[in-house]
Amino acid sequence: MKQEQSYGGLDRFRILAAVLVIAIHTSPLGSYSADADFFLTRILARVAVPFFFMVTGQFVLCPQFFSSGSKAGSVRRPFGQCAGGGEPRAIWNYLGKLAFIYGISIALYLPLGIYAGHYRGLTLAKALQMLIFEGTFYHLWYFPACMLGVLLVTFLGRFLGLKGTLFVSGALYVTGLLGDSYYGAVQRIPAMTSVYDLIFQISPHTRNGLFFAPLFLSLGSVLGGKSRKAQNGLGESGKRTGQDAGGKGILWLLSCFFLSVVLMAEEGFLLRGLGFPRHDSMYVFLVPVMIFLYEILLSGKSRPMRHLRTVSTWVYILHPAVIVVVRRAAGIMHKTGLLVDNSLIHYAAVTVLSITAAILISRFEDLIKGGRTPGTGGSESKDGKRARAWIELDRKALSGNVEALRAMLPASCALMPAVKADAYGHGAVLIARELNRLGVEAFCVASAGEGEALRRKGVRGEILVLGYTDPSQFDLLHRCRLTQTIVDYPYAEKLNGYGKKLHVHIGVDTGMHRLGIGYEQRERIGKIFEMKNLEVDGLFTHLCTSDGEALKEQSFTDLQAKRFYAVADDLERSGYSCPKLHLQSSYGILNYPHLAEDYARAGIALYGVLSTREDTGRWKEILRPVLSLKARVACVRRLNCGETAGYGMAFTAQRDMEIATITVGYGDGLPRCLSAGRGFVLINGRKAPVVGRICMDQTIVDVSKIPDVKSGDVAVVIGKSGDEEITAGDLAEWAGTISNEILSRMGARLERVMV
Ligand SMILES: *Cc1c(COP(=O)(O)O)cnc(C)c1O
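Residues numbered from 1 in each chain as written. Predicted model: local features only at pLDDT ≥ 70, side-chain atom pairs only at ≥ 80, totals over all residues. Heavy atoms only, no water.

In the vicinity of the ligand, the contacting residues are Ala418, Lys420, Tyr424, Leu466, Arg514, His542, Ser585, Ser586, Arg601, Ala602, Gly603 and Ile604. In the environment of the ligand, an oxygen atom lies 2.8 Å from a nitrogen or oxygen atom belonging to the backbone of Ile604. Classifying every residue of the shell around the ligand by side-chain character gives five nonpolar, four polar and three charged. (Near = heavy atom within 4 Å. Polar contact = N/O pair within 3.5 Å; in protein donor to acceptor, adjacent residues only side chain to side chain. Nonpolar A, V, L, I, M, F, W, Y, C, P; charged D, E, K, R; others polar.)

Moving on, we come to the pairing of strand E15 (residues 680-683). The pairing of E15 with strand E16 (residues 686-691) spans four bridges and is antiparallel. Within the sheet, the bridge partner assigned to Ile683 lies in E16 and is Arg686. Joining the antiparallel neighbours E15 and E16 is a turn of two residues, in which Asn684 adopts a positive phi near 50°. (Pairing = 2+ DSSP bridges. Helix = DSSP H or I, 4+ residues; strand = E, 2+ residues; numbered from the N terminus.)

Further remarks concern unusual backbone geometry. With glycine set apart, most residues show a phi of negative sign, and most peptide bonds adopt trans. One non-glycine residue, Asp422, adopts positive backbone phi at about 50°. Topologically, Asp422 is positioned in helix H17 (residues 420-424). For Asp422, a relative accessible area of 36% gives the class partly exposed. (Buried < 20%, exposed > 50% of the residue type's maximum accessible area, 1.4 Å probe, protein only.)

Attention shifts here to a nonpolar patch on the surface. Residues Leu124, Leu128, Leu131 and Ile132 make up a contiguous nonpolar surface patch of about 380 Å² in total accessible area. Inspection of the secondary structure assignment puts Leu131 in helix H5 (residues 124-134). Residue classification places Leu131 among the partly exposed positions, given a relative accessible area of 41%. (Patch = residues over 30% accessible without salt bridge, like charges linked within 9 Å, V, L, I, M, F, W, Y side chains within 5 Å. Areas by Shrake-Rupley, 256 points an atom, 1.4 Å probe, with all protein chains shown as cover. Salt bridge = Lys/Arg side-chain N within 4 Å of Asp/Glu carboxyl O.)

Next up on the list: the side chain of Gln58. The residue Gln58 is located in helix H3 (residues 48-61) in this model. With relative accessibility at 1%, the residue Gln58 sits in the buried group. Side-chain polar atoms of Gln58 contact the side chain of Tyr294, separated by 2.8 Å.

All told, the structure shown has 29 aromatic pairs when counted by the stated rule. Between Phe13 and Phe51, the ring centres sit 4.7 Å apart and the planes meet at 70°, which makes this aromatic pair edge-to-face. Here the residue Phe13 occupies a position in helix H1 (residues 7-26), and Phe51 occupies one in helix H3, the gap between them amounting to 38 residues. The same class applies to Phe13 and to Phe51, which are both buried. It is Arg278 that lies over the ring of Tyr183; its NZ or CZ is 5.6 Å from the centre. The ring of Phe200 has Arg278 lying over it, and the distance from NZ or CZ to the ring centre is 3.4 Å. (Phe/Tyr/Trp six-rings, centres within 6.5 Å; stacked < 30°, edge-to-face > 60°. Lys NZ or Arg CZ within 6 Å of the ring centre and 35° of its normal.)

To continue, consider the confidence of the model for the protein chain. Looking at the protein chain, pLDDT values average 89 and 90% of them are 70 or higher. Counted against residues more than four places away or in other chains, residues 63-87, with its pLDDT under 50, gives 95 contacts. Overall, residues 233-246 carries pLDDT values under 50, and its contacts beyond four positions in sequence, including any with other chains, amount to 28 contacts. (pLDDT = per-residue confidence, 0-100. Contact = heavy atoms within 4.5 Å.)

In terms of nonpolar packing, the biggest core is built from 116 residues, with Leu405, Ile506, Ile528, Leu539 and Ile683 touching the most fellow members. With residues near it in sequence (within four places) discarded, Leu539 still touches Ile506, Val508, Ile525, Phe564, Val567, Ala568, Leu571, Pro579, Lys580, Leu581 and His582. Counting residues in each nonpolar core, the second largest holds 82 residues, with Ile43, Val49, Tyr94 and Tyr109 among its members. (Core = buried A, V, L, I, M, F, W, Y, C linked by side-chain atoms within 4.5 Å.)

Here we come to the environment of Gln201. Residue position: Gln201 is located in helix H8 (residues 190-202). Accessibility expressed as a relative area gives 65% for Gln201, which makes it exposed. A sequence separation of 75 residues divides Gln201 from Lys126, and the C-alpha atoms of the two residues are 9.8 Å apart.

The following block contains the structure:
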C-alpha cells in the first residue's frame, strides 16, 4: 500500500520558516558580518512569511483551483466556491480560527506592549490601524494580513476568476514593492511620494494584507491545485506524473530556485547600496523564489505531520516573548556577554527555547482536547452493568481516526463518513452524534430509512443516501432533508416527477457498473441540472479497485478518475454551477490522496480497521479500532477425556480439560464458521480457542491453559485483553471474508456503549 503524501514537505518546512522568522528578529550573524547577516535576515529569511501565506492559499482558498485555461481534465471553480461548495464554510472556519489565535496573541503581548510604551497616545484610528494592518505587537501583523488577504482574494476570485485575481494581486504587490524596498524610486517623483504618504497614513508599511498577502495566497492556491492535478494523472502527458517529483525534474526546480535566490540577493544588495529600501520584506525576485521553493516542497513525498503545524504557529507567536525572557535571564545571571552579545548563541538560545515552549503548549492543547471527552478508559465497573454481550466504542480512537484522516486531506475536503449498516455495526446514532461533535457535517447512508433514523435522533448535516430509494419513500427524502443519489437517468426523471424539491448527488458510473449514470452520457447528466425539482448538490463516483496494488488496478483507478474529471469538466464548460465532487472511500483516501475533492466518503478506515488483516496491521500506528465486542463467561466446567461438547458432538476431548461457555454466538455476529478451533477469544489476556460448533447465543471455549477463569469474567471477541488483541481483520481472515462484513453483521441485540 502506498503512503505517499505531498504535504509532508510543507509541514516540515513550516518549522524552518518559523526558525527563519526568529532569525529576522535576532540577527544571528550580527556579531560576525553585517553583510552575511543582511543576506540571511533581510533576504533569505524573507521567504518565511510568503511561505505561510502560500500554504494558507493552498489549503484554505481552493486547492482544486486549477489553471484557468480549458485544458482537458481541469476543474475550474472560482475562489471560495470550492471549500464549502458555494458556501465557503472552510474559509469562514479558518478566519475564525485565525481571529482566535490573533486574539490570544494580542492578550499575550498586551502587558509587554504596555510596558514598552507601545500604546501611548493611542487614538481610535491608531488602534484600528494596529488591529488591521500593523498588529498590536510587532510580529503579529501576520495574522490580520492573512485574514485580510484571504477575504480579498476570495472576493477577487468571485468576480475576476483566476487570471484576474492573479493580475490584481500582482499589481497590488508592485504597489507594495514601491512602498517597501523600492521606496527610493518613489521618493524621486513628488507626485508618487504624496500618494505613498497617503498610503502610509493608513498603513505604516506596505507589507500587509492588502499589498503583500494576496499574491502569495493566490500563488499557493494555484500551485497546490496544479500539483494535485499533476498527481491526478491528468497532466499533459496523461500519465501519472505525480510519481516522479511532480512531473518536472527536481534538479531543474532546484537550479531555478538557486538562480532566483542569487538574483534576489543581487537585488537586495543593489537596493541597499542605492539606499532605496524603506523596509525590506518585498523583492521582485521573491516571487520566483517562492514559486520554485513551493514546487520543490510539493514534489517530495512524505507523511503529513500535522503537529508541526501547531508547533510552528506557536514558535511564531512566542519567539518575541522568548527573546525578552532570554535577555532578562541573561541579565539576572550576569551572562549578557555570552547569551545576548554573541548573536549566534543568542539566536540558538531563543530558537531552542521557543521550539521547546511551542512543543509543550501543543502537547498541552492536545491534553485539553483529549480531556474534554468524558468517560474514557476501560471500566471494570461499567462492565458490571453489561449483562450479556456488548459493543464498546472507543471515543478517543474515533476522534483520533477522524484527526488522522483529516490530516491526510486538504482542509477544503470534508469527511463524509459512511454510517450505513448501523455504522458498520458500531451503532449509527452513537457514531454520527459523536462525529457531529467532532465537527463532521456530512454523512452517507445506504437507505432513506437509515437517514430517517439519524434525523430522528437529531443528527445534523447533509445525509446522502447512497442507494436506491423506492418512490413510495420519496416523501421521506423530502421530510427528513435527505440527499438522494441519482442511480440512473430514468430514476432522475422519477425523482423530478415527485413534484417537491429534492436534493440530489449524481452518481457517475466510471467503470464499476453498479450505480450511476454512465460517464459517456454527459448530455443526460447535464439535463439533470435542468430538472426543475432537483437541486444538484454533488457529483460523485465510486472507485472499485482503489484497494488494489496491482498495476492493472492502479491504472483502472486512474482511468476512473480521468473519466470522472472529464464529466466534471464538461459540466463546468457547459456552464452548470459545479457541485461538490467526491471520489474517495477509505482506500481512496489512503492510496490516492491526490483525488481529494470536496468530500471523502470514509467508511471502514474511520472505524480504525481496513478490509484485510494485513492492511489493518499496516496502518495500525495511524488508525485505531473503535469497536470491541465483549461477552461474559457464563460458567466453567470440566470435560473429561473422551467426552464431547456442543451440537452434533462435533468436539471430543483428547485429554481432561476445562471449558467455559460464553454469552455470545452467531446471532450476535460471531461467524459460525469460526467453530472448531478456527477462532479464539481472549480471557484474562490469554487465548481461549473455540470448542465445537458456535451456537446462536453461546459459544464454548477451551480455558484449560488460563488459570482462575470464573463465571462473570469478560471474554473479548474483538478487542484487547492484556497484551493480546483480536481485530476485526483477524476474524475476517479466519472466516475468509473482509472486516467490513464482520463488523456490519454485528447483531442488533448487542448493547452499544461509548467509553
Ligand atoms: C460503502 C461505501 C463507501 C465507504 O466505503 P469504505 O471502503 O468502507 O470506506 C463509500 N462510497 C460508497 C458509494 C459506498 O457504498
